[in-house]
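# A structural walkthrough
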Amino acid sequence: MTTPMQDLLAHDPTDGRAREGTALCLSGGGYRAMVFHAGALQRLNELGYLKRLDFVSSVSGGSITAGILALAWKDLTFDAEGRAVDFEKRVLEPVRAMAARGVDVRSVLTGLVLPGQRISDRVQAAYREHLFGDATLQDLPDHPRFVFCATNLQTTSLVRFSKRHVADYRLGLARNRDVPLATAVTASSAFPPFLSPVTLRLPADAWDPQIPQTLPEGVRDPIVLTDGGVYDNLGLEPVIKRCSELLVSNGGGYVGHPGRVPSDWLRHLQRVTGVVDHQVRSLRKRMLVEGFRRGEFTGAYWSVRSSLTDYELPDPLPFSEARARELAAVPTRLAALGDATANLLRWGYVICDTAMRRWVVDRAAVAPGQ
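Residues numbered from 1 in each chain as written. Predicted model: local features only at pLDDT ≥ 70, side-chain atom pairs only at ≥ 80, totals over all residues. Heavy atoms only, no water.

The next point concerns helix H6 (residues 119–132). Under the 1.5 Å per step criterion, the end-to-end length of H6 is 18 Å for 14 residues, consistent within 8% with the ideal 20 Å. Here H6 has its buried residues at Ile119, Ser120, Val123, Gln124, Ala126, Tyr127, Leu131 and Phe132. Projected down its long axis, H6 shows its buried positions confined to an angular sector of 160 degrees, all on one face. Following H6 by one or two positions, glycine 133 adopts a phi angle in the positive range, close to 55 degrees. (Helix = DSSP H or I, 4+ residues; strand = E, 2+ residues; numbered from the N terminus. Expected span 1.5 Å × (residues − 1). Buried < 20%, exposed > 50% of the residue type's maximum accessible area, 1.4 Å probe, protein only. Arc of directions from axis to C-beta.)

This is how it looks when you write it as structure tokens:
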């Protein structure tokens, strides 16, 4: 039985907790990441790995995919091999349908025009209408544990939304809250500056009194949140120090090296934001790779920007390198993807298969679908 503080700091190895369990991390990257991750989930399902997951930690666009999977979990039918036989219907179809709907432009325009409406309110309304309805965190499964990550602009910490609690190590734990799933996903995917911020209000008595509040009064009401990728765009923080196996799917973009940097304030801000995002992502990836090298955990990493040749697998599924580069360049937005949807699904499937058969499973025993 853990204490409240141990529960809050469960990611910290200094509490003596042994590493255990398998975690899947789904990065940010807008609709591009949402669809890319869905393709990876399809292959993980065929491998029987969905049923083996203990944690799903997600950020931004990855949280849309994770939310769809989490809400569908109780209705998935798993066969004797641990494969969800209705994965296509319950997960892939909602992802495809969402990828056909543009959310960001309409939300920005409506939020700017209507008084009292935030842009994030319109994004949340779209998630509620098309994906999550009135579902709350309490409708999620107990196992695997889904964690949706956002960034607290007041405490500069990561906020974890899960069925067990809303947690920020500087604010404490608010246990078993019926926060709408659409709110958690909106907060996680509130990409700045356009879709940010999201405000969250919890009653004062929601917070565990055994964990002292040391910050100034008012930082809990409201909590002001932005995209989880501002803090950790791979979604590693909740699991990297507690799980023995990490599977990391990176659908994030690449900042590039333009010959000219725009000087107008809007495009210049976008460039600066992209550089910050790139640096955060690079630091997290280095942390992950070093952990693999030191044997702290096992697992696999794949990215929308990976190359099949990186894995030195003798029999990877075919996929055009040129097409993969085009898909990696799809803008990080919540905009309808059109023809790119099918290709992103396939690329997520192929590169996940390559990484898993190279580093995790017996490649001779798990022939991929064609």
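Between H6 and helix H7 (residues 181–188), the least distance of the axes is 9 Å, while the angle of their chain directions is 130 degrees. With respect to their mutual orientation, H6 and H7 come out oblique. Taken as a pair, H6 and H7 cross one another with a handedness that is right-handed. Taken together, the residues of H7 that come into contact with H6 (itself represented by Ser120, Val123, Gln124, Tyr127, Arg128 and Phe132) are Leu181, Ala182, Thr183, Val185 and Thr186. Class assignment for the residues of the contact of H6 with H7 results in six nonpolar, four polar and one charged. (Axes fitted to C-alpha atoms, helices over the stretch in contact; angles between N-to-C directions. Parallel < 35°, antiparallel > 145°, perpendicular 65-115°, else oblique. Left-handed = near helix turned anticlockwise from the far one by under 90°. Contact = heavy atoms within 4.5 Å. Nonpolar A, V, L, I, M, F, W, Y, C, P; charged D, E, K, R; others polar.)

Moving on, we get to the environment of leucine 24. Position of leucine 24 among the secondary structure elements: in strand S1 (residues 22–26). When the C-alpha atoms of leucine 24 and glutamate 245 are compared, they prove to be 8.7 Å apart, with 221 residues separating the residues in sequence. Excluding residues within four positions of it along the chain, leucine 24 makes contact with Leu41, Leu44, Leu53, Phe55, Val56, Ser57 and Leu247.

Let's shift gears to the nonpolar core. Generally speaking, a soluble globular protein has its nonpolar side chains buried in company with each other. Formed by 92 residues in total, the largest nonpolar core has its most connected members in Leu44, Tyr127, Phe148, Phe161, Trp302, Trp347 and Met356. Broken down by element, the residue count for this core peaks at 10 residues, all from helix H11 (residues 340–359). Ignoring any residue separated from it by four or fewer positions in sequence, one finds phenylalanine 148 in contact with Ser58, Ser63, Ala66, Gly67, Ala70, Leu140, Val159, Arg160, Phe161, Leu181, Ala184 and Val185. If you look at the next biggest cluster of nonpolar residues, it comprises 13 residues, including Ala23, Phe55, Leu234 and Leu246. (Core = buried A, V, L, I, M, F, W, Y, C linked by side-chain atoms within 4.5 Å.)

Coordinates in, geometry out; function isn't part of it.
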